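Secondary and tertiary structure notes
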Amino acid sequence: MKQNHMFHQKLPQRTKTMTDANNNAVTDTPEYVLAIPRTELTNNGWGYGVHDFDVDKIDPINFAFLPRDWADDKTPGHDEPNKLGQIMPQVLPYIIVKNEHGDILSYRRKGKEKGLLGRYSIGVGGHVDITDGIYGDDAINILQGVGPYSHNIHHIIQVGLMRELEEEIGLTIKEPVSFHTLVQLDSDKTSQVHVAFVGTVIAPEHILTTCNPNEFFEVEWVSSEELFERIQDMDY
């Protein structure tokens, strides 16, 4: 990602509440999330696995927003692979957070993602919502070229990522994040319908006190050596 544009202000909090033509609140609206054709990755030589990644090779207009319940299809008793999700995996910007000493932010999961409850993690991120593509009035001062609706996947991902970092760990980033690793796996139903764009940011040590308590617990800085030892000791 080119790093010649600066971020100047915070975006409003993402909301799932939408309004109709008369400006009345509409409830129970589906969540639309960013997805990318699998062929956009495989045509660049990125198959299943972990790869060095150059996000600029991705066509900036080759994407879609899908209803998340269609793309995930977590209907009880439905064990067949989700064909739509396999063809159009959901994009998950995922950021490893380090301090100036090289220690890595680690925590255990809370929140609404039931399959992740209690699990250790070293990354921050999540789905990119359709609102990250339509907050043009606020994003225009943050990412040049973003209008009332952005048609550039690179811009949309950066806006969504900035929001996730603010919401989850209270971190405001000052410039776009460069993604260095692509992860796409087919080991389980969840992995088959997601693809992770991984980057790294440096954060002040005090963000331990600003992490969202509704999402994280046992938040701490760990060295890479200690992290490796923990992984070796885990039961799978």
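Read on for an overview of the structure. This one's a predicted model, so the numbers in the text were calculated from it and none came from an experiment.

1. Overview of the overall build of the protein
Each helix and strand in the protein was counted, giving seven helices and 12 strands. Going through the 236 residues of the protein one by one, you find that 44% of them count as buried. A separation of at least 24 residues holds for 71% of the contacts in the protein among residues at least 6 apart in sequence.

2. A look at the packing of aromatic side chains
Tallying each qualifying case throughout the model produces five aromatic pairs. An angle of 85 degrees between the planes, with centres 6.0 Å apart, marks the rings of phenylalanine 63 and phenylalanine 65 as edge-to-face. Each member of the pair, phenylalanine 63 as well as phenylalanine 65, carries the same accessibility label: buried.

3. Here we look at the nonpolar core
Ranked by size, the top nonpolar core spans 36 residues in total, and within it Ile58, Val97, Ile169 and Phe197 carry the most contacts. If you list the elements that add at least two residues to this core, you get strand S6 (90-98), strand S7 (104-109), helix H5 (153-169), strand S10 (179-184), strand S11 (194-202) and strand S12 (216-222). Here this core takes seven residues from H5, the largest share from any one element. One finds Ile104, Ala196, Val222 and Leu227 within the second-largest nonpolar core, a separate group that totals six residues.

4. Some words on the pattern of salt bridges
Enumeration according to the criterion identifies four salt bridges in this entry. One salt bridge in this structure joins arginine 68 and aspartate 72, with 3.1 Å as the shortest N-O distance. On the criterion of helical spacing, the pair formed by arginine 68 and aspartate 72 is a turn pair, its members being four residues apart in helix H2 (residues 68-72). As far as burial versus exposure is concerned, arginine 68 and aspartate 72 are alike and both buried.

What counts and what doesn't
Residues numbered from 1 in each chain as written. Predicted model: local features only at pLDDT ≥ 70, side-chain atom pairs only at ≥ 80, totals over all residues. Heavy atoms only, no water. Helix = DSSP H or I, 4+ residues; strand = E, 2+ residues; numbered from the N terminus. Buried < 20%, exposed > 50% of the residue type's maximum accessible area, 1.4 Å probe, protein only. Contact = heavy atoms within 4.5 Å. Phe/Tyr/Trp six-rings, centres within 6.5 Å; stacked < 30°, edge-to-face > 60°. Core = buried A, V, L, I, M, F, W, Y, C linked by side-chain atoms within 4.5 Å. Salt bridge = Lys/Arg side-chain N within 4 Å of Asp/Glu carboxyl O.

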